[in-house]
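Residues per chain, in single letters:
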Amino acid sequence: MEKERLQEFATRVTQSNRSELVVVIYEATLASIDEGKKFLEKGELDAAKNEIERAKGMIEELMCSLDMQYTISHYLRQLYIFAYHELCHGIAERKPELFDHASDILNGLLPSFQEVAKQDTSGPVMENTQQIYAGLTYGRGSLQETIAVGVSMNRGYQA
């Protein structure tokens with residue numbers, strides 16, 4: 001995955017609450033699977049393995065974060081295990097179409113987690129991180145995106 005894309009996911013992680021974090025992991029996993037599939041189709045086996053290993057690691061994280069006291073967690077775990085095995089078989093057998101099975105599962109679950117994240121009003125999981133503010137400014141014939149990292153409320157000098 002490109003450095004910029006990885007940085008985007010890392011930034012989102014620092015600003016996410018628990019529910020949003022699951023959504024970020026899902027989206028990052030799907031991006032890695034997609035990249036791995038493209039690399040395998042091009043015949044770039046090492047790059048494909050790296051992306052699929054990254055996706056498998058994120059699926060493992062999803063499995064480890066399940067709270068098994070709830071029945072739904074048992075069903076999710078089985079889906080994650082299946083997706084994980086499909087990624088393993090796809091890379092071992094060099095069949096990128098097997099990656100689609102894992103992607104289909106995650107794409108099917110993602111909207112539900114996005115809806116939960118919309119309703120979650122808790123604060124970010126990570127504390128003491130830099131706040132990121134983004135906005136657009138426009139002028140005659142131009143539109144500029146502005147991103148400010150770590151902007152404090154006191155922007156002037158302190159005496």
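A few points on the structure. Bear in mind that the values here come from a model prediction, so they are computed numbers and not experimental data.

## Regarding the pattern of salt bridges
Side-chain pairing between opposite charges can occur once the charged atoms of the two side chains come close. Per the stated rule, a full pass over the model turns up six salt bridges. The shortest N-O distance in the salt bridge between Lys38 and Asp34 comes to 3.3 Å. Residue Lys38 and its partner Asp34 are located together in helix α2 (residues 18-42), separated by four residues, close to a single helical turn. Across the salt bridge formed by Lys118 and Glu115, the nearest N and O atoms sit 3.9 Å from each other.

## Some words on the environment of Gly123
In this fold, Gly123 is placed in the loop between α5 (99-119) and β1 (132-139). Under the relative-accessibility criterion, Gly123 is labelled partly exposed at 44%. Between the alpha carbons of Gly123 and Ser16 there is a distance of 7.6 Å; along the sequence they are 107 residues apart.

## What about the side chain of Glu86?
Secondary-structure assignment places Glu86 in helix α4 (residues 71-92). Look at Glu86: it is buried, it has no salt bridge, and the nearest opposite charge is Lys95 at 9.6 Å. At 2.6 Å, the side chain of Glu86 forms a polar contact with the side chain of His101. Apart from residues no more than four positions distant in its own chain, Glu86 is found in contact with Leu98, Phe99 and His101.

Rules used throughout
- Residues numbered from 1 in each chain as written.
- Predicted model: local features only at pLDDT ≥ 70, side-chain atom pairs only at ≥ 80, totals over all residues.
- Heavy atoms only, no water.
- Salt bridge = Lys/Arg side-chain N within 4 Å of Asp/Glu carboxyl O.
- Helix = DSSP H or I, 4+ residues; strand = E, 2+ residues; numbered from the N terminus.
- Buried < 20%, exposed > 50% of the residue type's maximum accessible area, 1.4 Å probe, protein only.
- Lys, Arg positive; Asp, Glu negative; His and termini not counted.
- Polar contact = N/O pair within 3.5 Å; in protein donor to acceptor, adjacent residues only side chain to side chain.
- Contact = heavy atoms within 4.5 Å.

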